[in-house]
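# A structural walkthrough
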Amino acid sequence: MVIVRHCGKVDFLDRLLSVAEYAALGEPDSGVTELVEGRLVTSPSPERRHNKALYALARQLESQLPDHLEFIQDIDVDLGLVPPGEPGFARRPDLIIALRAAGERIDEEDTMYHADDVVVVVEIVSPGSKRTDYVTKHGEYADAGIPHYWIVDLSEPVSLVACHQAGELGYQDAPAMTGEFAAAEPFPVKLELDRLLS
(Lines give C-alpha, C1' and ligand atoms only; values in the text may rest on other atoms or scores of the structure.)
Protein backbone atom coordinates (compact mmCIF):
# COMPACT_ATOMS: atom_id res chain seq x y z
CA MET A 1 0.00 0.00 0.00
CA VAL A 2 1.25 3.47 -0.87
CA ILE A 3 0.31 6.36 1.42
CA VAL A 4 0.17 9.76 -0.28
CA ARG A 5 0.10 12.97 1.78
CA HIS A 6 -0.66 16.04 -0.32
CA CYS A 7 -2.55 19.24 0.44
CA GLY A 8 -3.10 18.24 4.07
CA LYS A 9 -5.00 15.03 3.32
CA VAL A 10 -3.96 11.39 3.32
CA ASP A 11 -4.78 9.10 0.42
CA PHE A 12 -4.15 5.36 0.49
CA LEU A 13 -3.20 3.72 -2.78
CA ASP A 14 -3.34 -0.06 -3.04
CA ARG A 15 -0.90 -0.18 -5.95
CA LEU A 16 2.52 0.93 -7.02
CA LEU A 17 2.91 4.07 -9.12
CA SER A 18 4.34 4.60 -12.58
CA VAL A 19 6.47 7.67 -13.21
CA ALA A 20 3.53 9.33 -15.00
CA GLU A 21 1.25 8.72 -12.00
CA TYR A 22 3.92 10.06 -9.68
CA ALA A 23 4.29 13.21 -11.80
CA ALA A 24 0.52 13.73 -11.69
CA LEU A 25 0.59 13.91 -7.87
CA GLY A 26 2.23 17.35 -7.99
CA GLU A 27 4.37 18.91 -5.31
CA PRO A 28 3.98 17.94 -1.64
CA ASP A 29 3.25 20.57 1.00
CA SER A 30 6.56 19.88 2.73
CA GLY A 31 9.57 17.62 2.43
CA VAL A 32 10.87 15.86 -0.66
CA THR A 33 9.33 12.88 -2.42
CA GLU A 34 10.95 10.41 -4.78
CA LEU A 35 9.65 7.27 -6.49
CA VAL A 36 11.52 4.01 -5.91
CA GLU A 37 10.15 0.86 -7.55
CA GLY A 38 6.72 2.45 -7.59
CA ARG A 39 6.76 3.43 -3.91
CA LEU A 40 6.79 7.01 -2.65
CA VAL A 41 9.77 7.76 -0.46
CA THR A 42 9.46 10.93 1.61
CA SER A 43 12.35 12.80 3.21
CA PRO A 44 12.32 15.95 5.35
CA SER A 45 13.35 19.20 3.71
CA PRO A 46 17.14 19.70 3.71
CA GLU A 47 18.79 21.53 6.59
CA ARG A 48 20.19 25.07 6.36
CA ARG A 49 23.81 23.86 6.08
CA HIS A 50 22.92 21.58 3.17
CA ASN A 51 21.08 24.38 1.35
CA LYS A 52 23.94 26.86 1.86
CA ALA A 53 26.43 24.35 0.43
CA LEU A 54 24.16 23.65 -2.54
CA TYR A 55 23.86 27.38 -3.31
CA ALA A 56 27.63 27.87 -3.00
CA LEU A 57 28.24 24.92 -5.34
CA ALA A 58 25.79 26.27 -7.90
CA ARG A 59 27.46 29.71 -7.78
CA GLN A 60 30.86 28.18 -8.50
CA LEU A 61 29.48 26.09 -11.36
CA GLU A 62 27.53 28.87 -13.03
CA SER A 63 30.45 30.67 -14.68
CA GLN A 64 32.18 27.43 -15.71
CA LEU A 65 29.42 25.69 -17.62
CA PRO A 66 29.66 25.58 -21.42
CA ASP A 67 26.75 27.20 -23.28
CA HIS A 68 25.04 23.89 -24.13
CA LEU A 69 24.72 22.92 -20.44
CA GLU A 70 22.77 24.35 -17.51
CA PHE A 71 22.35 23.44 -13.87
CA ILE A 72 19.02 22.91 -12.15
CA GLN A 73 18.51 22.37 -8.43
CA ASP A 74 15.99 20.08 -6.77
CA ILE A 75 14.07 18.70 -9.79
CA ASP A 76 12.65 15.28 -10.64
CA VAL A 77 14.47 12.98 -13.05
CA ASP A 78 12.81 9.93 -14.61
CA LEU A 79 15.55 7.31 -14.43
CA GLY A 80 13.92 5.21 -17.15
CA LEU A 81 14.80 1.94 -15.43
CA VAL A 82 11.51 0.27 -16.36
CA PRO A 83 9.10 0.52 -19.32
CA PRO A 84 6.43 3.27 -19.15
CA GLY A 85 3.40 2.26 -17.09
CA GLU A 86 5.33 -0.06 -14.78
CA PRO A 87 6.24 0.80 -11.17
CA GLY A 88 8.94 3.36 -11.76
CA PHE A 89 11.93 5.27 -10.47
CA ALA A 90 12.07 9.08 -10.24
CA ARG A 91 14.79 10.66 -8.15
CA ARG A 92 15.10 14.30 -7.10
CA PRO A 93 18.83 15.05 -7.00
CA ASP A 94 20.16 18.08 -5.20
CA LEU A 95 21.51 19.38 -8.50
CA ILE A 96 21.78 18.22 -12.08
CA ILE A 97 23.85 19.51 -14.98
CA ALA A 98 21.75 18.88 -18.04
CA LEU A 99 21.55 19.69 -21.72
CA ARG A 100 20.10 23.18 -22.20
CA ALA A 101 18.01 21.91 -25.15
CA ALA A 102 16.36 19.37 -22.83
CA GLY A 103 15.32 22.17 -20.48
CA GLU A 104 13.64 24.01 -23.32
CA ARG A 105 11.73 20.83 -24.26
CA ILE A 106 10.66 20.28 -20.66
CA ASP A 107 9.36 23.84 -20.38
CA GLU A 108 7.33 23.43 -23.60
CA GLU A 109 5.93 19.96 -22.79
CA ASP A 110 5.56 20.38 -18.99
CA THR A 111 7.33 17.08 -18.39
CA MET A 112 10.27 15.92 -16.30
CA TYR A 113 13.91 15.36 -17.16
CA HIS A 114 14.95 11.92 -18.41
CA ALA A 115 18.24 10.31 -17.43
CA ASP A 116 19.64 10.80 -20.94
CA ASP A 117 19.14 14.59 -20.57
CA VAL A 118 21.51 14.62 -17.59
CA VAL A 119 25.30 14.91 -17.89
CA VAL A 120 26.13 15.15 -14.17
CA VAL A 121 23.99 14.36 -11.15
CA VAL A 122 25.06 15.79 -7.77
CA GLU A 123 23.98 14.66 -4.32
CA ILE A 124 25.02 16.39 -1.10
CA VAL A 125 25.18 13.85 1.70
CA SER A 126 22.78 14.69 4.54
CA PRO A 127 22.45 13.09 7.95
CA GLY A 128 20.59 9.88 7.27
CA SER A 129 21.32 9.78 3.52
CA LYS A 130 24.89 8.46 3.46
CA ARG A 131 24.06 4.86 2.44
CA THR A 132 21.40 6.06 0.00
CA ASP A 133 23.80 8.48 -1.71
CA TYR A 134 26.90 6.27 -1.73
CA VAL A 135 25.22 2.92 -2.50
CA THR A 136 21.58 3.01 -3.60
CA LYS A 137 21.61 6.10 -5.81
CA HIS A 138 25.11 5.21 -7.01
CA GLY A 139 23.67 2.02 -8.50
CA GLU A 140 20.49 3.60 -9.83
CA TYR A 141 22.22 6.52 -11.54
CA ALA A 142 24.77 4.16 -13.10
CA ASP A 143 22.02 1.80 -14.31
CA ALA A 144 20.17 4.81 -15.75
CA GLY A 145 23.25 5.66 -17.85
CA ILE A 146 23.93 9.10 -16.35
CA PRO A 147 27.57 9.70 -17.37
CA HIS A 148 28.82 11.41 -14.18
CA TYR A 149 27.78 11.34 -10.52
CA TRP A 150 29.36 13.64 -7.93
CA ILE A 151 28.88 12.90 -4.23
CA VAL A 152 29.62 15.89 -2.00
CA ASP A 153 30.13 15.04 1.67
CA LEU A 154 30.02 17.98 4.08
CA SER A 155 31.77 16.10 6.88
CA GLU A 156 35.06 17.85 7.71
CA PRO A 157 37.00 18.12 5.53
CA VAL A 158 34.42 18.64 2.76
CA SER A 159 35.03 16.08 0.01
CA LEU A 160 33.81 15.19 -3.46
CA VAL A 161 33.80 11.72 -4.99
CA ALA A 162 33.55 11.89 -8.79
CA CYS A 163 32.07 8.77 -10.38
CA HIS A 164 32.00 8.18 -14.13
CA GLN A 165 30.54 5.48 -16.35
CA ALA A 166 32.97 2.61 -16.97
CA GLY A 167 30.95 0.36 -19.29
CA GLU A 168 29.55 -2.88 -17.87
CA LEU A 169 31.13 -2.15 -14.49
CA GLY A 170 28.81 0.80 -13.86
CA TYR A 171 30.53 3.74 -12.20
CA GLN A 172 34.24 3.93 -11.55
CA ASP A 173 34.85 6.08 -8.47
CA ALA A 174 37.81 8.44 -8.18
CA PRO A 175 39.34 8.89 -4.73
CA ALA A 176 37.60 11.47 -2.55
CA MET A 177 39.01 14.95 -3.23
CA THR A 178 39.34 17.64 -0.59
CA GLY A 179 40.42 21.28 -0.92
CA GLU A 180 40.06 21.76 -4.68
CA PHE A 181 38.27 19.46 -7.11
CA ALA A 182 39.40 19.80 -10.72
CA ALA A 183 38.23 17.81 -13.74
CA ALA A 184 38.50 17.98 -17.51
CA GLU A 185 35.39 15.86 -18.15
CA PRO A 186 32.56 16.34 -18.89
CA PHE A 187 33.77 19.97 -19.05
CA PRO A 188 36.74 21.80 -17.50
CA VAL A 189 35.81 22.69 -13.94
CA LYS A 190 37.45 23.69 -10.65
CA LEU A 191 35.53 23.75 -7.38
CA GLU A 192 36.83 25.11 -4.07
CA LEU A 193 35.23 22.62 -1.73
CA ASP A 194 36.15 24.42 1.50
CA ARG A 195 34.10 27.42 0.33
CA LEU A 196 30.91 25.36 0.30
CA LEU A 197 30.51 25.91 4.04
CA SER A 198 31.87 29.45 4.35
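Before any of the text, the structure's been laid out above.
Let me begin by describing the structure that accompanies this report.

Our focus in this paragraph is the nonpolar core. The biggest cluster of nonpolar side chains holds 26 residues, and the ones touching the most others in it are Leu-61, Ile-97, Trp-150 and Leu-191. Mapped onto this core, the elements with two or more residues apiece are helix 2 (48-62), strand 8 (95-99), strand 10 (118-125), strand 11 (148-153), strand 12 (159-165) and strand 16 (189-192). Of all the elements, helix 2 adds the most residues to this core, at 6 residues. Beyond its immediate chain neighbours, meaning those up to four positions away, Ile-97 contacts Leu-61, Leu-65, Leu-69, Glu-70, Phe-71, Val-118, Val-119, Val-120, Trp-150 and Phe-187.

Moving on to the pattern of salt bridges. Summed over all chains, the structure comprises 14 salt bridges. Close ionic contact of Glu-70 with Arg-100 constitutes a salt bridge, the shortest N to O distance being 3.5 Å. Here Glu-70 is found in strand 5 (residues 69-73), whereas its partner Arg-100 is found in helix 3 (residues 100-109), with 30 residues between them in sequence. Linked through salt bridges whose partners overlap, the residues forming this network are Glu-34, Arg-91, Glu-123, Asp-133, Lys-137 and Glu-140.

Attention now moves to the pairing of strand 12. Within strand 12, 5 of the 7 residues are buried, which leaves it mostly tucked inside the rest of the structure. Here strand 11 pairs with strand 12 via 6 bridges, running antiparallel. In the strand pairing of strand 12, Ile-151 is matched with Val-161. Between strand 11 and the antiparallel strand that follows it, strand 12, lie 5 residues. As paired strands, strand 12 and strand 14 (residues 177-178) are joined by 2 bridges and run antiparallel to one another.

Next up on the list: the packing of aromatic side chains. On inspection of all chains with the given rule, the structure shows 3 aromatic pairs. On the numbers, 5.0 Å between centres and 80° between planes, the contact of Tyr-141 with Tyr-149 is edge-to-face. Note on Tyr-149: relative accessible area 0%, which makes it buried. Aromatic side chains Tyr-149 and Tyr-171 sit 6.0 Å apart centroid to centroid with 35° between the ring planes, which places their arrangement in the tilted category. Linking Tyr-149 in strand 11 with Tyr-171 in strand 13 (residues 171-173), this pair joins segments that are 22 residues apart in sequence. Each of the two residues, Tyr-149 as well as Tyr-171, counts as buried. Connected via pairs of aromatic rings, a cluster forms that spans Tyr-141, Tyr-149 and Tyr-171.

A few words now on a negative patch on the surface. Side chains of Glu-104, Asp-107, Glu-108 and Asp-110 sit close together on the surface and give a patch of like negative charge. Relative to the helices and strands, Asp-110 resides in the loop between helix 3 and strand 9 (113-114).

Before going further, it helps to examine helix 2. Under the 1.5 Å per step criterion, the end-to-end length of helix 2 is 21 Å for 15 residues, consistent within 8% with the ideal 21 Å. Residues of helix 2 that are buried include every one of His-50, Ala-53, Leu-54, Ala-56, Leu-57, Ala-58, Gln-60 and Leu-61, and no others. Looking at the buried residues of helix 2, the elements they touch are strand 5, strand 8, strand 10, strand 11 and strand 16.

Reading the values: rules and limits
Residues numbered from 1 in each chain as written. Predicted model: local features only at pLDDT ≥ 70, side-chain atom pairs only at ≥ 80, totals over all residues. Heavy atoms only, no water. Core = buried A, V, L, I, M, F, W, Y, C linked by side-chain atoms within 4.5 Å. Buried < 20%, exposed > 50% of the residue type's maximum accessible area, 1.4 Å probe, protein only. Helix = DSSP H or I, 4+ residues; strand = E, 2+ residues; numbered from the N terminus. Contact = heavy atoms within 4.5 Å. Salt bridge = Lys/Arg side-chain N within 4 Å of Asp/Glu carboxyl O. Pairing = 2+ DSSP bridges. Phe/Tyr/Trp six-rings, centres within 6.5 Å; stacked < 30°, edge-to-face > 60°. Patch = residues over 30% accessible without salt bridge, like charges linked within 9 Å, V, L, I, M, F, W, Y side chains within 5 Å. Areas by Shrake-Rupley, 256 points an atom, 1.4 Å probe, with all protein chains shown as cover. Lys, Arg positive; Asp, Glu negative; His and termini not counted. Charge placed at Lys NZ, Arg CZ, Asp CG, Glu CD. Expected span 1.5 Å × (residues − 1).

Geometric values such as these leave the question of function open.
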